[in-house]
Every structure is written in structure tokens, then in C-alpha cells.
Amino acid sequence: MNIPCLKYLILSMRIDILTILPDLLHSPFSDSIMKRAQTKGHLELKIHNIRDYSTNKHNKVDDYQYGGGAGMVMSIEPIAAIIEKLKAEREYEEIIFMTPDGEILEQSICNDLSLKGNIMILCGHYKGVDERIREHYITKEISIGSYVLSGGELGAAVLVDSVVRLIPGVLNDETSALTDSFQDGLLSPPVYTRPPEYNGMKVPEVLLSGDFGKIDKWREEKALERTKTRRPDLLD
Ligand code: ADE
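Because the structure is a prediction, the values reported are computed rather than measured. (Residues numbered from 1 in each chain as written. Predicted model: local features only at pLDDT ≥ 70, side-chain atom pairs only at ≥ 80, totals over all residues. Heavy atoms only, no water.)

## Observations concerning the overall build of the chain
Next, step 1: Secondary structure assignment for the chain yields eight helices and nine strands.
Next, step 2: The C-alpha atoms of the chain give 22 Å as radius of gyration, which overshoots the globular expectation for 236 residues (18 Å, by more than 25%).
Next, step 3: With the C-alpha coordinates aligned to their principal axes, the bounding extent of the chain is approximately 70 × 55 × 35 Å.
Next, step 4: Buried residues in the chain amount to 38% of all 236 residues.
Next, step 5: Summarising the internal contacts of the chain: among those between residues at least 6 apart in sequence, 76% fall at separations of at least 24.
Next, step 6: As displayed, the chain offers around 14600 Å² of accessible surface, 52% of which is attributable to carbon and sulfur atoms. (Helix = DSSP H or I, 4+ residues; strand = E, 2+ residues; numbered from the N terminus. Rg over C-alpha atoms; globule rule 2.2 N^0.38 Å. Buried < 20%, exposed > 50% of the residue type's maximum accessible area, 1.4 Å probe, protein only. Contact = heavy atoms within 4.5 Å. Areas by Shrake-Rupley, 256 points an atom, 1.4 Å probe, with all protein chains shown as cover.)

Shown next as C-alpha cells:
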């Protein structure tokens, strides 16, 4: 039997983002960890302009809502066309819609999504998207918080960043994602670096002691203390 050697098995993900404002999404992925994830082959990111799939002579992607009311609605045709095209090319494990009325993004959702192969993300705009897209294509709806953004692009950037950094090999030191706030249900403890004293402000003695048992215990206590005061809901 041929067992692939883990050393040569690169874990990777393909993410397709559907948007009417592609320029908004280039910068968050062209620097630092997100850039490295792509150059190292962990992330294949494709940004698609929904307008390219409009059959309207003015490249329109929205229309008035049936029943009247303020605000335009994103039309079904160009979005369905691009989703159908992508689905014919490969299987997608999730087709996510970024919307303020979705499930609030939590670390557990990021952890689950980081194990997927191919995902698609649709960014909403205007008054929303024709409900038939949500009913027929969308498998998951995500909000990045209880406030309304001008569109789903910034939410999509937050989602992709929080997921991609968890793919094994993306961060230099893999354990640093495991010690993030929220991974153990607690906020992170305070951290310090040199100098040991600055204008009378001292680094806690225990961190300089070299006693790693004591240091671990101190960090656990501080993480719990911080969670109790700032996010008691996490302890429920
Ligand atoms: N689009 C508009 N507001 C949003 C939010 N809070 N989360 C995700 N997508 C959005």
C-alpha cells in the first residue's frame, strides 16, 4: 500500500469569492500571512466579479424589489450563472453568504471551515440578494457581528483570514494558532517582551524566573481572570 508521506502532503484550500467590488478584496490577501499561504500553496484564492456574468447591456446586477420599497436587490441571473459555472468545475463543501442576518462568526466555525477543501463565498450588497439564491444555492449564512456593513466584502476578508491561518503549515509556528484566544474557550493571557523594565513599568517576575511550571500556571490564571472580567459569557 502506498501511504503518502505527511512531509510532502500540503494541506490546501480553494476559496472562490463572488463580489461586485473585487478591488476591495485584493489588498487584504496580498500581504503577510495571507500572501504566504498562497505562495506556499496552502490557499488558492479566486476573486470573481459578478458583473462579468451579467447579460444586461449595461452590466446591471441589481433591480427594484417586487412589492415596492426602498433599496435595490441583487438579481438572480448573474449570481446563479457564476455559481453554476464553478459547481460544474469542482465540488464545493460550502457556499457561504455574508449577511448581517447570518450566524455570528465564532472560532468553532473557523475551525470547521479550515478543514474543508473548496468553499465559495458570496458577498451581499444593497437591500440584499434575491431570496431564490439563498434557498437554492447557499449552504451557510455568516455575519461577522451585530452591525451592518456597506457590503459583505469586509466580512468575507475577515472570514477568510480567520480560516486560512488555521490550515496546518500556514503559520510558521503551528502551535501559535492553538494558543490563540478562544481556542480553549478563554481569552489569551497578557504578553511581554524586552526590556524587563521601562520607565518603572516591570515585566511580572514569574515570566523571568525560567520556571516553566510556574509560568504555565500564571498564564492559566491570567487567562481565566481576563475572561471573567471581559467575556464572562465564554465561561457559561
Ligand atoms: N454585510 C453587511 N453587514 C454584514 C455583517 N455584519 N456581516 C457579514 N456580512 C455583512
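## Let's talk about helix α6 (residues 153–164)
Next, step 1: Between its terminal C-alpha atoms α6 stretches 16 Å, which fits the 16 Å expected from 12 residues at 1.5 Å a residue.
Next, step 2: By the criterion of burial, α6 is predominantly enclosed, with nine of the 12 residues buried. (Expected span 1.5 Å × (residues − 1).)

## Considerations on the domain arrangement of the chain
Next, step 1: Entries for the chain in the domain assignment read domain 1 (6–164) and domain 2 (186–235).
Next, step 2: Taking only C-alpha atoms, the centre of domain 1 and the centre of domain 2 are 38 Å apart. (Domains from an automatic or database assignment.)

## Observations concerning the sheet that holds strand β6 (residues 118–123)
Next, step 1: Pairing is parallel across the open sheet formed by five strands, whose spatial order is β2-β1-β6-β5-β7. The open sheet terminates on both sides in strands that have one partner only, identified here as β2 (43–49) and β7 (140–143). Adjacent strand axes in the sheet meet at a mean angle of 30°, parallel and antiparallel pairs treated alike.
Next, step 2: Bridge analysis of strand β5 (residues 94–104) against β7 gives five bridges, and the strand direction is parallel. Among the inter-strand pairings, Ile-104 is bridged to a residue of β7, identified as Ser-143. (Pairing = 2+ DSSP bridges. Axes fitted to C-alpha atoms, helices over the stretch in contact; angles between N-to-C directions.)

## Topic: the site of the ligand
Next, step 1: Around the ligand, a shell composed of Met-98, Thr-99, Pro-100, Ile-142, Ser-143, Ile-144, Gly-145, Tyr-147, Val-148, Leu-149, Gly-151 and Gly-152 is seen.
Next, step 2: Here Thr-99 contributes a backbone N or O atom positioned 3.3 Å from a nitrogen atom of the ligand.
Next, step 3: Between a nitrogen atom of the ligand and a main-chain N or O atom of Ile-144, the distance comes to 2.9 Å.
Next, step 4: Coverage of the ligand by the protein amounts to 97% of the 260 Å² it exposes when considered alone.
Next, step 5: When residues of the shell around the ligand are traced back to their parent elements, those giving at least two are β5 and β7. (Near = heavy atom within 4 Å. Polar contact = N/O pair within 3.5 Å; in protein donor to acceptor, adjacent residues only side chain to side chain.)

## Details of the pattern of salt bridges
Next, step 1: What the rule picks out here adds up to 14 salt bridges.
Next, step 2: The shortest N-O distance in the salt bridge between Lys-140 and Glu-103 comes to 3.7 Å. In this pair, Lys-140 is assigned in strand β7 and Glu-103 in strand β5, connecting sequence segments 37 residues apart.
Next, step 3: Its salt-bridge partner being Glu-225, residue Lys-222 comes within 3.6 Å of it at the nearest N-O pair. (Salt bridge = Lys/Arg side-chain N within 4 Å of Asp/Glu carboxyl O.)

## Here we look at the nonpolar core
Next, step 1: Membership of the largest hydrophobic core comes to 30 residues, with the highest contact counts inside it found for Ile-15, Ile-17, Ile-121, Leu-159 and Val-164.
Next, step 2: Among the secondary structure elements, those contributing two or more residues to this core are β1 (13–19), α2 (32–39), β2, β5, α4 (107–113), β6 and α6.
Next, step 3: Element by element, the count of residues in this core is highest for α6, at six residues.
Next, step 4: Once residues within four sequence positions are removed from consideration, Ile-17 is found in contact with Leu-25, Phe-29, Leu-45, Lys-46, Ile-47, His-48, Ile-121, Cys-123, Ala-156 and Val-160.
Next, step 5: Formed by 19 residues, the second largest nonpolar core is a distinct cluster that contains Val-61, Ile-82, Val-129 and Ile-138. (Core = buried A, V, L, I, M, F, W, Y, C linked by side-chain atoms within 4.5 Å.)

## Quick look at a nonpolar patch on the surface
Next, step 1: A cluster of nonpolar residues, Leu-21, Leu-24, Tyr-147, Leu-149 and Leu-154, forms a patch on the protein surface that exposes about 430 Å² of accessible area.
Next, step 2: With respect to the helices, strands and loops of the structure, Leu-21 is situated in the loop between β1 and α1 (23–26). (Patch = residues over 30% accessible without salt bridge, like charges linked within 9 Å, V, L, I, M, F, W, Y side chains within 5 Å.)

## Observations concerning helix α3 (residues 76–89)
Next, step 1: Along its 14 residues, α3 runs 20 Å from first to last C-alpha, staying within 8% of the 20 Å computed at 1.5 Å per residue.
Next, step 2: Residues of α3 that are buried sit in contact with β1, β2, β4 (72–74), β5, β6 and α5 (131–136).

## Some remarks on unusual backbone geometry
Next, step 1: Backbone torsion omega between Arg-194 and Pro-195 reads 5°, so that peptide bond is classified as cis.
Next, step 2: Among the structural elements, Pro-195 can be located in the loop between α7 (175–178) and β8 (197–198).
Next, step 3: At Ser-32, a residue that is not glycine, the phi angle is positive and equals roughly 50°.
Next, step 4: Counting through the fold element by element, Ser-32 comes out in helix α2.
Next, step 5: One non-glycine residue, Tyr-126, adopts positive backbone phi at about 55°.
Next, step 6: If you trace the backbone, Tyr-126 turns up in the loop between β6 and α5.

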